[in-house]
Amino acid sequence: MTAFALAAFSAVLGVVLRQQWALPAVRPASDPGFSAERTREVLEALTSCGAKYVGSTANEVCAVQALMKEIQKLPSGAALELQSASGHYYLDFIGGLTITYRNLTNLLVRVPSTPRTPPTPTPRCALLISSHFDSALGSVAASDANAEVAIMTELLRLFLREPLPVDVIFNFNGGEEFLMPAAHGFVTSHPWAADVCAQINLEAGGSGGRELLFQLGPKHRWLAEAFASAAPRPYGASILQVLFQTGIIPGETDYRIYRDFGDIPGADFATLTNGWVYHTWRDDLAHVDFRSLQRYGETIFAFAHSMAQKLQHGLPPPGSAEAEESAVFFDLGGLLMVQYSASLATQLHVAACLVVLSVFGRARSFLSASVLLLAALAALLCCGLVGAFLAFTPCSMVASGHPEMVPLLFGPPALAGFTGCLWLLKDQKDAAQGAVVLSATLCLALSVNSVTVQSSYLFLVWSLPALGLLGRGFVFKVVRVATFLLPWLLQLQLLVMALDLLCPLTFRSGTSIPADLVVGGAFGLVAGLGLAFSARFVAPLPLPRVLKACAVVFLLTVPVAWLLFPYSYDRPKRIFQQHVARSEFTWDLARSPRPQREAMEHGLWTCSLDWNGVQTLDDFAPYGLPHGSHRYDQTQGVYGKVPMPFPTRSFLTKSAWAPRAAPPLPGRPLDVQLVAEPFGEAKLQRLRVEVQGSAQVMLVLSPLSALHSWSLGAFERKGAPLSGPLPPKRSDCDCLFLMSVEGGEPGRHTGLFNFSAVAAGVLEMEVWAMHFETTSDELLYEERRVPSWVSYLGWVSELQAHRIALGQ
């Protein structure tokens, strides 16, 4: 029976691996339907603009002109608007920060619906399709998300030719990578936003593969129905939505802005394969797989049609089941999408689990289930320990760069840890009933919560083997194996998808979390549970032989891993370097309106985005780190006294500093002005802060406990005061973190934002300006020295550290 089960498992694994990267052929430009070949021209034009940072000529001029040129080729009939958006909001992401933005670009196109015959008085209801053309740091943005923008231009052509029954609004937005401000500008200030009933957001986390539906709703189960009925090759699972909703997977897209600030339900798609080039210079046209674009476009085209059919009479009314209920959804090998409401899932899953537990839930079965859970945890623990061990050896991150090593490095520890606990079972026959009871218990626990119930289906299907326990004979032997096919399919899909995401992700997850621990933990969790639920086939295996085989495989794999280098040209190490000009100011506002300026050391600040840190350059690069580099102490000042890209101090440890002369600065250097005046009580002061600098400025003000209130003064001047409570305290400092981004054509920037804070005592403030399009001779010299397996990014920055004594 075990041999038969192994053959069936191998067949399921083959199906999963084949379907994981299955892509259709690219349709030629002569095809009347969606053609990825037709997207090539606009994608080439966008990528030829280079890195498109907010406020740069590439983003504000070149990319906009390329899109306008493409849109003007299409048939007339659509309304076109170029929005310049300004605003602000608080985002509880990476510790929480307030984002202000000015003059960000949204290129909006509205395709009218088909005329209704006879005309109906139903309210206007438009469908929003959105993606962004701006770039992340150090990227040309071919896949993220110029490819998705190119898909939108092809969809626009198709919908102009054959309009949908509702208006379709396309938002080509120019400001997503700096934490989604352009989408916020559209949804909060453009008049068309009031007509939007649903949204489809197109994203990428890799340069190829199948598009993945990873967020849906919230609520509005009709969206799942629309996707299930439309997608020719569905790919998605609501368990991913749970991971995003609970914050286990950190990451945000414009979908969240439309959802949280516009109350617009919708769907969030992304490609994941080849995530090694994501947000690097390798994300270029050469790494785009147009077969992936073909599949992506066909899926969104069909989904938009299905959504429009449901939207033509407006959204489901508030209070209705379709509007208020979430959905459970998952695909079966990319061939079929299963979906049903979360409320039905709660009832169905609870009922099914209670039936299973009532039939098999004897005291001995619960004891066996406890042993299997312990064995699964042992598998997780062993993989975690191996990951922690590898992280501090020359094998570090080899699994991230070579995913094929993951099952060889972590499979033996998982199996050894699991089988090592099975001796606690009094009888091997108890394994079958214990596995069914364990799956039913876990499913029941997840089904009592409205969010986690969306992931409980994975444990419900593991109750199917209970059918094989109801009889004996040859037929039931076949049934016993057959009932495992669906659970194995879903479990393996989850495992392959997790590794497809996590292995590249650990190349950019920072220096504070061991990458091998993350990969090993994920593998151990999924594999441990799979082994526990399949224990009836594992229990008969002879323990000594299993342990011996696991030891042999692991001991043979470690030397191979020791010799492998995790980085290569297409799987590069991410290094960024800033040539920083620093200065320090002391303000005694009771005595003088001018500060006392003190010199600070200038230099090159080098950071790595993965666990191995910058030490890899010293160990393996021919020329090592910049001359004179030493470990930098990031506990200085409020936020390290170095210009962090976003509030990421806890992710960028192990950095290096090399003293240098001050870098050349652009024509608009950083300038900070302060004014204080009495406010209310005698000890309180109103501090007005004005900052002028680059298109990207960040500021931290500490301590947050000394601040009583604040207001973004730039918007008060427009007659719309936006004051409110102070944001929550960050975990990495007792400070307020403020980020400002500005778009518009270069040369027209005001480079100014201001705010007021009511405070008392002494405050510390660090302000830095990023000049992404400015370099220095030192940076150019270091860029020439790095090896081909490094994705290098360098720019000039300014940092000012201010100590402010408020007058009494």
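Residues numbered from 1 in each chain as written. Predicted model: local features only at pLDDT ≥ 70, side-chain atom pairs only at ≥ 80, totals over all residues. Heavy atoms only, no water.

An unreviewed UniProt entry lists the protein chain under the name Endoplasmic reticulum metallopeptidase 1, with Effrenium voratum as the source organism. What UniProt records for the protein chain under Cofactor (unreviewed entry) is the sentence "Zn(2+)". As stated in UniProt under Subcellular location (unreviewed entry), the record for the protein chain gives "Endoplasmic reticulum membrane". (UniProt positions renumbered as here; feature names shortened; annotations may be inferred.)

A few words on a nonpolar patch on the surface. Residues Leu-374, Trp-423 and Leu-424 make up a contiguous nonpolar surface patch of roughly 330 Å² in combined accessible area. As for its position among the elements, Leu-424 is in the loop between helix 14 (406–421) and helix 15 (430–446). Classification of Leu-424 as partly exposed rests on a relative accessible area of 35%. (Patch = residues over 30% accessible without salt bridge, like charges linked within 9 Å, V, L, I, M, F, W, Y side chains within 5 Å. Areas by Shrake-Rupley, 256 points an atom, 1.4 Å probe, with all protein chains shown as cover. Salt bridge = Lys/Arg side-chain N within 4 Å of Asp/Glu carboxyl O. Helix = DSSP H or I, 4+ residues; strand = E, 2+ residues; numbered from the N terminus. Buried < 20%, exposed > 50% of the residue type's maximum accessible area, 1.4 Å probe, protein only.)

The biggest cluster of nonpolar side chains holds 106 residues, and the ones touching the most others in it are Leu-372, Leu-409, Phe-410, Phe-418, Tyr-457 and Phe-523. Take this core: its biggest share by element is 11 residues, from helix 12 (residues 363–391). With residues near it in sequence (within four places) discarded, Tyr-457 still touches Ala-237, Ser-238, Ile-239, Val-328, Phe-329, Phe-330, Tyr-340, His-349 and Leu-490. Among the nonpolar cores identified, the runner-up in size contains 61 residues, and Leu-43, Leu-158, Cys-197 and Met-337 belong to it. (Core = buried A, V, L, I, M, F, W, Y, C linked by side-chain atoms within 4.5 Å. Contact = heavy atoms within 4.5 Å.)

Let's shift gears to the UniProt feature "domain: Peptidase M28" (unreviewed entry) in the protein chain. Mapped onto the present numbering, the UniProt feature "domain: Peptidase M28" (unreviewed entry) falls on residues 124–303. The span residues 124–303 shows a helical share of 38% and a strand share of 22%, and its end C-alpha atoms are spaced 20 Å apart.

For the rest of this paragraph, the subject is the state of the cysteines. All told, the structure shown has three disulfides when counted by the stated rule. Put simply, Cys-733 and Cys-735 are joined by a disulfide, and their sulfur atoms are 1.8 Å apart. What makes Cys-733 buried here is its relative accessible area of 10%. Note on Cys-735: relative accessible area 1%, which makes it buried. Described in terms of the sequence order of its bonded cysteines, the disulfide pattern of the protein chain is 1-2, 3-4, 5-6. Not part of a disulfide, Cys-503 finds its nearest cysteine sulfur in Cys-383, a span of 13 Å. Cys-503 sits in the buried class, given a relative accessible area of 0%. (Disulfide = S-S within 2.5 Å.)

Attention shifts here to the packing of aromatic side chains. By the definition in use, this model includes 34 aromatic pairs. Considering the side-chain rings of Phe-565 and Phe-620, the 5.0 Å spacing of their centres and the 55 degrees angle between planes classify their relative orientation as tilted. Of this pair, Phe-565 sits in the loop between helix 21 (543–563) and strand 10 (573–588) while Phe-620 sits in helix 22 (residues 615–620); the two residues are 55 residues apart in sequence, bridging distant segments of the chain. Pairing Tyr-632 with Trp-657 gives two aromatic rings, centres 5.5 Å apart and planes at 40 degrees, and the pair type is tilted. (Phe/Tyr/Trp six-rings, centres within 6.5 Å; stacked < 30°, edge-to-face > 60°.)

Turning to helix 3 (residues 57–72), a few remarks are in order. If you check helix 3, its first and last C-alpha atoms are 21 Å apart, about what 16 residues at 1.5 Å a residue would give, namely 22 Å. Buried within helix 3 we find Ala-58, Asn-59, Glu-60, Ala-63, Val-64, Ala-66, Leu-67, Glu-70 and Ile-71. Buried residues along helix 3 sit in contact with helix 2 (40–48), strand 1 (79–91), strand 2 (97–111), helix 4 (142–161) and strand 4 (168–173). (Expected span 1.5 Å × (residues − 1).)

Attention now goes to the pattern of salt bridges. A complete count under the given rule lists 27 salt bridges for this structure. Between Asp-31 and Arg-27 there is a salt bridge, and its shortest N-O distance comes to 3.5 Å. Judged by its relative accessible area of 35%, Arg-27 falls in the partly exposed class. In this structure, Glu-225 engages Arg-221 in a salt bridge whose closest nitrogen and oxygen atoms are separated by 3.3 Å. Accessibility classification places Glu-225 together with Arg-221 in one group, the buried group.

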